[in-house]
Amino acid sequence: MSKGKKVLLTGGLGFIGSHTAVVLIERGYDLVIVDNLSNTTEEPLDGIEAITGVRPTFEKADLSRSNEIEAFFTKHPKFDGVINFAAYKAVGESYKDPLKYYTNNIQSLSLLLQQCAQRQIPKFIFSSSCTVYGEAEHLPIDENAPIQEALSPYGNTKQIGEEIIRDTIEVHPELNC
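Figured I'd write up the structure that's included with this text. (Residues numbered from 1 in each chain as written. Predicted model: local features only at pLDDT ≥ 70, side-chain atom pairs only at ≥ 80, totals over all residues. Heavy atoms only, no water.)

### Some thoughts on the pairing of strand β3 (residues 57-60)
Moving on, step 1. Taken together, the 4 bridges between strand β2 (residues 30-35) and β3 define a ladder with parallel strand orientation. Looking at β3, one finds that Val-32 is bridged to Thr-57.
Moving on, step 2. For the crossover that starts at β2, traverses helix α2 (residues 43-52) and ends in the parallel β3, the hand is right-handed. (Pairing = 2+ DSSP bridges. Helix = DSSP H or I, 4+ residues; strand = E, 2+ residues; numbered from the N terminus. Right-handed = clockwise from strand over helix to strand, strands pointing away.)

### Details of the packing of aromatic side chains
Moving on, step 1. Scanning the entire structure with this criterion turns up 4 aromatic pairs.
Moving on, step 2. Taking the centre distance of 5.2 Å and the plane angle of 90° together, the rings of Phe-72 and Phe-73 count as edge-to-face. Both residues of the pair, Phe-72 and Phe-73, belong to the buried class.
Moving on, step 3. Here the aromatic rings of Phe-72 and Phe-79 are separated by 6.1 Å at their centres, their planes lie at 10°, and the arrangement is stacked.
Moving on, step 4. According to the relative accessible area criterion, Phe-72 is buried, its value standing at 5%.
Moving on, step 5. You can call Phe-79 buried: its relative accessible area is 1%. (Phe/Tyr/Trp six-rings, centres within 6.5 Å; stacked < 30°, edge-to-face > 60°. Buried < 20%, exposed > 50% of the residue type's maximum accessible area, 1.4 Å probe, protein only.)

### Details of the pattern of salt bridges
Moving on, step 1. If you walk through the whole model with that rule in mind, you get 8 salt bridges.
Moving on, step 2. With a closest N to O distance of 2.9 Å, Arg-55 and Asp-46 form a salt bridge.
Moving on, step 3. Exposure remark for Asp-46: the relative accessible area of 44% places this residue in the partly exposed category.
Moving on, step 4. In this structure, Lys-100 engages Glu-93 in a salt bridge whose closest nitrogen and oxygen atoms are separated by 3.0 Å.
Moving on, step 5. The network of salt bridges with common partners includes Asp-46, Glu-49 and Arg-55. (Salt bridge = Lys/Arg side-chain N within 4 Å of Asp/Glu carboxyl O.)

### Topic: the sheet that holds strand β4 (residues 81-84)
Moving on, step 1. Spatial ordering of the open sheet is given by β3-β2-β1-β4-β5, a layout of 5 strands whose pairing is parallel. Two strands lie at the open edges of the sheet, namely β3 and β5 (123-126), each paired on one side alone. The mean angle between the axes of side-by-side strands here comes to 15°, regardless of whether they run parallel or antiparallel.
Moving on, step 2. As defined by bridge partners, strand β1 (residues 6-10) adjoins β2 across 5 bridges and the pair is classed as parallel. Note that in β2 the partner of Thr-10 across the bridge is Val-34.
Moving on, step 3. Along the sheet face, helix α5 (residues 98-118) touches β1, β4 and β5 and points at about 165° away from the line of β5. (Axes fitted to C-alpha atoms, helices over the stretch in contact; angles between N-to-C directions. Contact = heavy atoms within 4.5 Å.)

### Topic: α5
Moving on, step 1. The first and last C-alpha atoms of α5 sit 30 Å apart over 21 residues, in line with the 30 Å expected at 1.5 Å per residue.
Moving on, step 2. Those residues of α5 not exposed but buried are Tyr-101, Asn-104, Asn-105, Ile-106, Ser-108, Leu-109, Leu-111, Leu-112, Leu-113, Gln-115, Cys-116 and Ala-117.
Moving on, step 3. Against β1, α3 (66-75), β4, α4 (91-96), β5 and α6 (153-171) lie the buried residues of α5.
Moving on, step 4. Once α5 finishes, Gln-120 follows within two positions and takes phi at roughly 55°, a positive value. (Expected span 1.5 Å × (residues − 1).)

### Concerning a nonpolar patch on the surface
Moving on, step 1. Side chains of Val-91, Tyr-95 and Leu-151 sit close together on the surface and give an oily, nonpolar patch of about 290 Å² of accessible area.
Moving on, step 2. Tracing the chain through its elements places Tyr-95 in helix α4. (Patch = residues over 30% accessible without salt bridge, like charges linked within 9 Å, V, L, I, M, F, W, Y side chains within 5 Å. Areas by Shrake-Rupley, 256 points an atom, 1.4 Å probe, with all protein chains shown as cover.)

### Looking at α3
Moving on, step 1. Among the residues making up α3, those that are buried are Ile-69, Phe-72 and Phe-73. What you see down the axis of α3 is that its buried residues fit within an arc of 90°, all on one side. Exposed residues lying more than 90 degrees from the buried face of α3 are Asn-67, Thr-74 and Lys-75. (Arc of directions from axis to C-beta.)

### Some details on the nonpolar core
Moving on, step 1. The biggest cluster of nonpolar side chains holds 22 residues, and the ones touching the most others in it are Leu-8, Phe-73, Leu-112 and Phe-124.
Moving on, step 2. Looking at this core, the elements that each hand over two or more residues are β2, α3, α5, β5 and α6.
Moving on, step 3. In this view, Phe-73 contacts Leu-8, Phe-79, Leu-112, Gln-115, Arg-119 and Ile-121; residues no more than four positions away in its chain are not counted.
Moving on, step 4. Judged by nonpolar contacts, the second largest core, of 15 residues, contains Leu-13, Ala-21, Ile-33 and Leu-45. (Core = buried A, V, L, I, M, F, W, Y, C linked by side-chain atoms within 4.5 Å.)

Here's what the structure looks like:
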């Protein structure tokens, strides 16, 4: 993606998302942030604006709900790329409520990829996790390390997410993930 391109940043008001928003705006991207505010507030918008001088477009939506993601993409139909940080991430909590993690992390990813394919959004960046490497065979872990069995429901959602992306690009090679 290059300057002037329109980017969707999901989970964009979380810690990593808000820092990514600053970098994208500073590099000239037109940014739309969507977040369900389950782990944050709208306050990071003020910080992004204070740093960059730009207040990005923000929409509150739960991307794991098909009606909300459809409404969002009806309002914002065209993007050059998606950066997906929208996921629950607390390993301990994932043991206590695994279905919450599967619903949010997997369903939102699937619905986002469907929209990318339908709307011909060419680029998709997925925020995975080192948890996909389970009990690592060696340190430091790099991208050549073998995937291990996930040790938590959260880690499993990230492994499944990577598999969903791999399977999706098999039938949608125009989608660069």
